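Structure at a glance
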Amino acid sequence: MSCSQGVLFFELPLSQGSEGMISTGILLSLLSLGALVTLSLLFLNGFAPGIRIAAALLAMALCFFTLAAFRHIPAGVVLFLLGAAKGVLFPAMASLFISLGGPGRMGRTFSLQSIAMSLGAFAGPVAAGQLREFVSPYFIAFVLLMTAILLLPPRGSGKPAYHPEWNSPAA
């Protein structure tokens, strides 16, 4: 996921031409606005984190495919939808990590997430820059997100194991 974000932040200014700085700022504002709109939809918390993660990754992948294949669709619309998908994804990931990590392992769990996000944010622009002459960087992000969907654990496998010490009065 962070690889695809890195691809977006690498490619977006390059694709905007001479008016790049102003239009890139507006497009990234639309991305943030989409996330803000989705975060205000509190009913989404009623869905299981795994379902929200899968749906958000699929929506993000389709947004990147749209950016790669359908140039006639305004980038602002696609980036708003991409932001909305990110607004679903990040809280769902946090919920999943909290439920899987348990009280004693949350620090380790979130530090591993931070490491993975940092590595992805580094690898995405590097891959996009190296392969830009051969394939659209947006298509690279699409392939990465679809691979992430394929690697998601099957439904129901994300339930935390029972640990008696978590339910003890001392905990």
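The model shown is predicted, which means the values in this text are computed figures rather than measured ones.

1. A word on the nonpolar core
- Counting residues in each nonpolar core, the largest one holds 29 residues, and the members touching the most others are Leu 8, Phe 64, Leu 79, Leu 82 and Leu 89.
- At the level of elements, helix 1 (2-15), helix 2 (20-39), helix 3 (49-69), helix 4 (75-101) and helix 6 (137-151) are the ones that each hand at least two residues to this core.
- By residue number, the principal contributor to this core is helix 3, which donates nine residues.

2. Digging into the environment of Ala 68
- In this structure, Ala 68 sits in helix 3.
- For Ala 68, a relative accessible area of 18% puts it in the buried group.
- Aside from chain neighbours lying at most four places away, what touches Ala 68 is Ser 136, Tyr 138 and Phe 139.

3. Considerations on helix 5 (residues 106-131)
- Look at helix 5: 37 Å from first C-alpha to last across 26 residues, which is about the 38 Å you get at 1.5 Å a residue.
- Along helix 5, the residues classified as buried are Thr 109, Gln 113, Gly 120, Gly 124 and Ala 128.

4. Some remarks on the side chain of Arg 52
- Position of Arg 52 relative to the elements: it lies in helix 3.
- On the basis of relative accessibility, which here comes to 7%, the residue Arg 52 falls in the buried class.
- In this structure, Arg 52 is in contact with Leu 44, Asn 45, Phe 47, Val 88, Pro 91, Ala 92 and Ser 95, ignoring residues within four places of it in sequence.

5. Quick notes on a nonpolar patch on the surface
- On the surface, Leu 41, Phe 43, Phe 47 and Ile 51 cluster together into a nonpolar patch covering about 380 Å² of accessible area.
- Using a relative accessible area of 38% as the deciding quantity, one classes Ile 51 as partly exposed.

6. Here's the deal with helix 6
- With 15 residues, helix 6 should cover 21 Å at 1.5 Å per step; its first-to-last C-alpha distance of 21 Å lies within 8% of that length.
- Residues Pro 137, Tyr 138, Ile 140, Ala 141, Phe 142 and Leu 145 constitute the buried set of helix 6.

7. Some remarks on the confidence of the model for the protein chain
- Of all residues in the protein chain, 84% attain a pLDDT of 70 or more, and the chain-wide mean is 79.
- At the level of individual helices and strands, the protein chain shows its lowest average pLDDT in helix 1, which scores 76, and its highest in helix 3, which scores 89.
- Across residues 160-164, confidence stays below pLDDT 50; counting only partners more than four residues off in sequence or on other chains, it has four contacts.

8. Points about the packing of helix 3 against helix 6
- Remark: helix 3 packs on helix 6, axes separated minimally by 8 Å, with the N-to-C direction vectors making an angle of 160°. On the basis of the axis angle, helix 3 is roughly antiparallel to helix 6. By crossing handedness, the relation of helix 3 to helix 6 is classed as left-handed. For the pair helix 3 and helix 6, contact is made by Ala 54, Leu 57, Leu 58, Met 60, Ala 61, Phe 64, Phe 65, Leu 67 and Ala 68 and by Tyr 138, Phe 139, Ala 141, Phe 142, Leu 145, Met 146, Ala 148 and Ile 149, respectively.
- Along the lines of polarity and charge, the residues of the contact of helix 3 with helix 6 split into 17 nonpolar, no polar and no charged.

Quick notes on the rules
- Residues numbered from 1 in each chain as written.
- Predicted model: local features only at pLDDT ≥ 70, side-chain atom pairs only at ≥ 80, totals over all residues.
- Heavy atoms only, no water.
- Core = buried A, V, L, I, M, F, W, Y, C linked by side-chain atoms within 4.5 Å.
- Buried < 20%, exposed > 50% of the residue type's maximum accessible area, 1.4 Å probe, protein only.
- Helix = DSSP H or I, 4+ residues; strand = E, 2+ residues; numbered from the N terminus.
- Contact = heavy atoms within 4.5 Å.
- Expected span 1.5 Å × (residues − 1).
- Patch = residues over 30% accessible without salt bridge, like charges linked within 9 Å, V, L, I, M, F, W, Y side chains within 5 Å.
- Areas by Shrake-Rupley, 256 points an atom, 1.4 Å probe, with all protein chains shown as cover.
- Salt bridge = Lys/Arg side-chain N within 4 Å of Asp/Glu carboxyl O.
- pLDDT = per-residue confidence, 0-100.
- Axes fitted to C-alpha atoms, helices over the stretch in contact; angles between N-to-C directions.
- Parallel < 35°, antiparallel > 145°, perpendicular 65-115°, else oblique.
- Left-handed = near helix turned anticlockwise from the far one by under 90°.
- Nonpolar A, V, L, I, M, F, W, Y, C, P; charged D, E, K, R; others polar.

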